[in-house]
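Understanding the architecture of this molecule
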Amino acid sequence: MMDITFLGTGGAWGVPEINCDCAICREMRAKGERRDRTSILLADNDATLLIDCGPDAREQLRRNKVKKIDAVLISHEHNDHYIGLDELFVYKRVLPNEVFSPIPVYLTHETRLVVEVRFAYLEELGVIKFKEIEPGQWFRQGPFRIFPFKTDHGTFAKGSVGFMVQGTRHSGGNARLLYTSDFAEIPDMPTELVGCDIVIMQSFWLNEPVDNRPKHMSFQNAIGYIKRLKPRGETFLVHMGDADRVPGDPANHMAKKYEPKSPLKPPLEKDPYPIPGNQVQWQNTVDQILRDHDISYAVTVAQDNLTVRI
Ligand SMILES: [Zn+2]
Ligand SMILES: [Zn+2]
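Note that the structure is a prediction, hence the values are computed from the model and not measured. (Residues numbered from 1 in each chain as written. Chains lettered and ligands numbered in written order. Predicted model: local features only at pLDDT ≥ 70, side-chain atom pairs only at ≥ 80, totals over all residues. Heavy atoms only, no water.)

Regarding the coordination of the zinc ion (ligand 2)
As a reminder, the rule being used: Any nitrogen, oxygen or sulfur atom within 2.8 Å of a metal ion counts as a donor, with the limit raised to 3.2 Å for Na, K and Ca, and since water is left out, coordination shells can look unfinished. Just to be clear on the cut-offs, tetrahedral is four donors with all angles between 85 and 135 degrees, square planar is four donors and octahedral six with opposite donors over 155 degrees apart and all others between 65 and 115, and anything else goes down as irregular. Helix numbering and strand numbering both begin at the N terminus, where a helix is a DSSP run of H or I of at least 4 residues and a strand a DSSP run of E of at least 2.
Only His76 (NE2), His78 (ND1), His153 (NE2) and Asp182 (OD) from the protein reach the zinc ion (ligand 2) as donors, at distances of 2.2 to 2.4 Å. If you look at the zinc ion (ligand 2), its four donor atoms make angles of 88 to 173° with each other, and the shape they trace is irregular. Between consecutive donor residues of the zinc ion (ligand 2), the sequence gaps follow H-x1-H-x74-H-x28-D. Taken as a pair, the zinc ion (ligand 2) and the zinc ion (ligand 1) show a spacing of 3.5 Å, with Asp182 coordinating each metal. You can see His153 sitting in the loop between strand E8 (144-150) and strand E9 (161-168) and its partner Asp182 sitting in the loop between strand E10 (174-179) and strand E11 (198-202), a full 29 residues away along the chain.

A few points about the coordination of the zinc ion (ligand 1)
The textbook angles at a metal center are 109.5 degrees for a tetrahedron of four donors and 90 or 180 degrees for an octahedron of six. Heads up, the condition is: Each residue is placed in one exposure class: buried if its accessible area under a 1.4 Å probe, protein chains only, is under 20% of its type's maximum, exposed if it is over 50%, and partly exposed if it falls in between.
Each protein donor to the zinc ion (ligand 1) is listed here as Asp80 (OD), His81 (NE2), Asp182 (OD) and His239 (NE2); together their distances run 2.1 Å. For the zinc ion (ligand 1), the four donor atoms are set out with angles of 88 to 165° between them, so the coordination reads as irregular. Sequence positions of the residues that donate to the zinc ion (ligand 1) give the spacing D-H-x100-D-x56-H. The class of Asp182 is buried, set by a relative accessible area of 2%.

Here we look at the pattern of salt bridges
Spelled out, the test is: The salt bridge criterion pairs a side-chain nitrogen of Lys or Arg with a carboxyl oxygen of Asp or Glu, the two atoms within 4 Å.
In this structure the tally under the stated criterion is 18 salt bridges. Across the pair Asp36 and Arg34 runs a salt bridge, and its minimum N-O distance is 2.8 Å. On the accessibility criterion, Arg34 (52% relative accessible area) is exposed. Members of the salt-bridge network, linked through shared partners, are Arg112, Glu116, Glu123, Lys129 and Glu132.

Thoughts on the sheet that holds E11
Definition in use: By definition, two strands form a pair when at least two bridges between them are found by DSSP. To obtain each axis, a line is fitted to C-alpha atoms, and for helices this fit is confined to the stretch in contact; angles are then taken between N-to-C directions over 0 to 180 degrees. Only heavy atoms enter the contact rule, under which two residues are in contact if any of them lie within 4.5 Å.
Overall, mixed pairing links the seven strands, which are arranged E7-E8-E9-E10-E11-E12-E13 in an open sheet. Looking at strand neighbours, the two that pair on one side only are strand E7 (139-141) and strand E13 (299-301), the edges of this open sheet. The average angle at which neighbouring strand axes cross in this sheet is 25°, direction not considered. Taken together, the six bridges between E8 and E9 define a ladder with antiparallel strand orientation. Residue pairing for E9: Ile146 is matched across the bridge by Val165. In this fold helix H6 (residues 219-229) packs onto E10, E11, strand E12 (235-238) and E13, with an angle of close to 155° to the strand it touches most, E11. Where helix H7 (residues 279-292) meets the sheet, it contacts E12 and E13, and its direction lies at approximately 165° from that of E13.

Things to note about helix H5 (residues 109-124)
The line we're drawing: What a helix is expected to span follows from its residue count: subtract one and scale by 1.5 Å. Throughout, bend refers to the angle between the axes fitted to the seven residues that end at a position and the seven residues that start at it.
The terminal C-alpha atoms of H5, which comprises 16 residues, lie only 18 Å apart, well short of the 22 Å expected from a rise of 1.5 Å per residue. A maximum bend of about 75° is found in H5 at Arg118. Restricting attention to buried positions, one finds in H5 the residues Thr111, Arg112, Val115, Phe119 and Leu122. Lining the buried residues of H5 we find helix H3 (79-82), helix H4 (89-93), strand E5 (103-108) and strand E6 (128-133). Immediately downstream of H5, the backbone of Gly126 shows phi near 75°, a positive value.

Looking at a nonpolar patch on the surface
Convention followed: Residues qualify for a patch when their relative accessible area is over 30% and they have no salt bridge, like charges being joined within 9 Å and the nonpolar side chains of Val, Leu, Ile, Met, Phe, Trp and Tyr within 5 Å. A 1.4 Å probe and the Shrake-Rupley method give the accessible areas. Residues count as covered only by the protein chains that appear here.
On the surface, a cluster of nonpolar side chains totalling about 280 Å² of accessible area is made up of Val94, Leu95 and Val99. Within the secondary structure layout, Val99 lies in the loop between H4 and E5. Under the relative-accessibility criterion, Val99 is labelled exposed at 51%.

A word on the nonpolar core
The condition that has to hold: Take the buried Ala, Val, Leu, Ile, Met, Phe, Trp, Tyr and Cys residues and link them wherever side-chain atoms come within 4.5 Å; each set so joined is a nonpolar core.
Within the largest apolar cluster, 37 residues are counted, with the highest numbers of intra-cluster contacts made by Leu193, Met201, Phe219 and Leu237. Of all the secondary-structure elements, those providing two or more residues to this core are helix H1 (23-31), E8, E11, H6, H7 and E13. Ranked by residue count, the leading element in this core is H6, at six residues. Here Leu237 is in contact with Met201, Ser203, Phe219, Trp282, Val286, Val299, Thr300, Val301 and Ala302, once residues within four sequence places are set aside. Judged by nonpolar contacts, the second largest core, of 28 residues, contains Ile40, Leu42, Tyr179 and Ile198.

Next comes the structure, spelled out in structure tokens:
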């Protein structure tokens, strides 16, 4: 009975970004849209699993009325993926001391070295319990079986991993979900990752930039990964940012704006697809690209608070 809730679907600083007058942020503001930092909640009957816990955790847990967190998976050491861990304190505070047991927080050794510097006190106070995991080695948490796998997200996130999570399907049997985290590549992609029911894929840009300094995934490169991963069901895009340049936008000079290498184009046309700003534009652009290039996989642009039943 696996339910997925997209608590947040935005990049490291959320979108629209504060003080940003770029075309993407302006379009989102005009539509009243926002994307908080990317975080996913999985529920299997009564059991819950939080994947990444960023700076918006309090508001995300509040607005989705999350009653308990049984465990947390941390993909990597960047602020937008772990700095909300202290927000879990409230789940201990509302219970008598003898009832609460520390929430397991699963992370690789390299990631723990960074996260522990900030949050050792949460472990000392019995709020969380760090549990080290190894890429390529299954572990079990309640009804979930979890397979962490190495992702390349650059030298500032050496311990970065994605997670494949197996839970139960509403109609019976098992369902597998793949969460890729922030990444530019999956080195030596394990064959276990092929054929999952659901894939959750970072899509920081629409177009791959000339220089992928932050080691993020673009939708342009994600297409190749979707073809290799061969999901049986939908792929959901998350971790969207505002770093694509929109032609003619005076805000293109900003440090965060990346020049595309060879932007996605409709076949036989010279002009690239327009850069999407709001939710509807994103979904329409993705659908159009898949149609134009004869790609039969279903891709949904996730939005905050979307819930999906598997
Ligand atoms: Zn991130
Ligand atoms: Zn990151």
